[in-house]
Amino acid sequence: MLQSILIGTDWLADHLDTPNLRVVDIRGHVIPASEPLPHYYNHHADYLVSHIPGAVFVDWVHAITDPADPRHAKIAQPDRFAAAMGAAGIDDSTHVIVYDDAKGMFAARLWWALNYYGHSQVAVLNGGWEKWTAEQRPVSAEIPNFSAGDFTVRRRADIYRNADQIAAQLGSTQQPSKIQQPGKTQQLIDVRSVDEYEGRTSRAPRKGHIPTAVNLPRTDLTQEDATMPPPHVLRERFKAVGVDDDSKDVVFYCNGGVSASYGLLAYHAAGFTGGSVYDGSWKDWGNDLSKPIHSLKA
């Protein structure tokens, strides 16, 4: 049923009552690193006030993260993730549409996570809650009651990267990653802010970026109305950082993996194939003293 990774508000409004369609509300926000902890928040309270009719809430801060991760950034382990999806009424045959109020950032994280765990029938609502409400479309405070779903995990290693796999492609003494596609050179894309990339600010003790990475801030892949730019604009922005075809093994990273997921979503929306997310991202790399960094800070 879902023919695209981005779904328009018109389409969703016409299909809200479609059997086996699950709309997921994953609203939330992140505060600056300079502020006291915690930095991550869900918007469950807002969901209780109003949401897209029939939408179920998924907590991006707790439900789909790994509580054992000291930096609270990595994706939940399979059993935990499957339980969260099951509780949301998602099973192996469910078609999922995700929305947030952060220009697609958290929705993209669930899009990536579902794909990573083998569920490809998922799309992001283009423009999210911002566009839906700006168009004065229907909202509801009614909490849907779904039967628990039986979600089967089928891990896809090709869209996931960890620090050791990335380091192996930087010329370390480790064995080359078996995940990398033969004949393709690794291209790291850092979607954090320019200040973070250049080493002026950081959410980790060390400042800078992974060597060889190019900077394409996530904000350059969004529009004022919270929608994603059209494919030809996305391709121009990727071309500006040296990616204009599928010849490279493109890996996205950010601070924890959330914005990186949006980068991969934009990459696919532009018409490219392949690509992966470095789960844990700079919070993982920047805290590991054994990993090299590069900084442009004067």
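Residues numbered from 1 in each chain as written. Predicted model: local features only at pLDDT ≥ 70, side-chain atom pairs only at ≥ 80, totals over all residues. Heavy atoms only, no water.

Colleague: Describe the sheet that holds strand β2 (residues 21-25), listing the residues and the values that go with them.
Modeller: One open sheet holds the five strands; their spatial order is β1-β7-β6-β2-β5, and the pairing between them is parallel. For this open sheet the edge positions go to β1 (6-7) and β5 (56-57), each flanked by a neighbour on one side alone. In the sheet, β2 pairs with strand β6 (residues 95-99) via five bridges, with the strands oriented parallel. Bridging from a neighbouring strand, Asp25 pairs with Tyr99 of β6. Lying on the sheet, helix α4 (residues 105-116) is in contact with β2, β6 and β7 (122-125); it crosses β7 at an angle near 175°. (Pairing = 2+ DSSP bridges. Helix = DSSP H or I, 4+ residues; strand = E, 2+ residues; numbered from the N terminus. Contact = heavy atoms within 4.5 Å. Axes fitted to C-alpha atoms, helices over the stretch in contact; angles between N-to-C directions.)

Colleague: Can you lay out the confidence of the model for the chain for me, pointing to particular residues and giving the numbers?
Modeller: A low pLDDT means the predicted coordinates there should not be read in detail. Here the chain averages 94 in pLDDT, while 95% of its residues score no lower than 70. Taken together, the stretch residues 172-177 has pLDDT below 50 and engages in ten contacts with residues farther than four places along the chain or on a different chain. (pLDDT = per-residue confidence, 0-100.)

Colleague: Residue-level account of the packing of aromatic side chains, with values.
Modeller: The description of an aromatic ring pair uses the distance of the two centres, along with the angle that the planes make with each other. Tallied over the full model, the rule gives 15 aromatic pairs. Plain terms: the ring middles of Phe238 and Phe252 are 6.1 Å apart, the flat faces sit at 80° to each other, and that makes the pair edge-to-face. Of this pair, Phe238 sits in helix α8 (residues 231-239) while Phe252 sits in strand β11 (residues 248-253), and the two are 14 residues apart along the sequence. Take Phe238: its relative accessible area is 0%, and that puts it in the buried class. With a relative accessible area of 0%, Phe252 lands in the buried category. Geometrically, the ring pair formed by Tyr267 and Phe272 is stacked, given 4.8 Å between the ring centres and 20° between the ring planes. For Phe272, a relative accessible area of 4% puts it in the buried group. Taken together, the ring pairs in this structure connect Phe81, Trp112, Tyr116, Tyr117, Phe151 and Tyr160 into an aromatic cluster. (Phe/Tyr/Trp six-rings, centres within 6.5 Å; stacked < 30°, edge-to-face > 60°. Buried < 20%, exposed > 50% of the residue type's maximum accessible area, 1.4 Å probe, protein only.)

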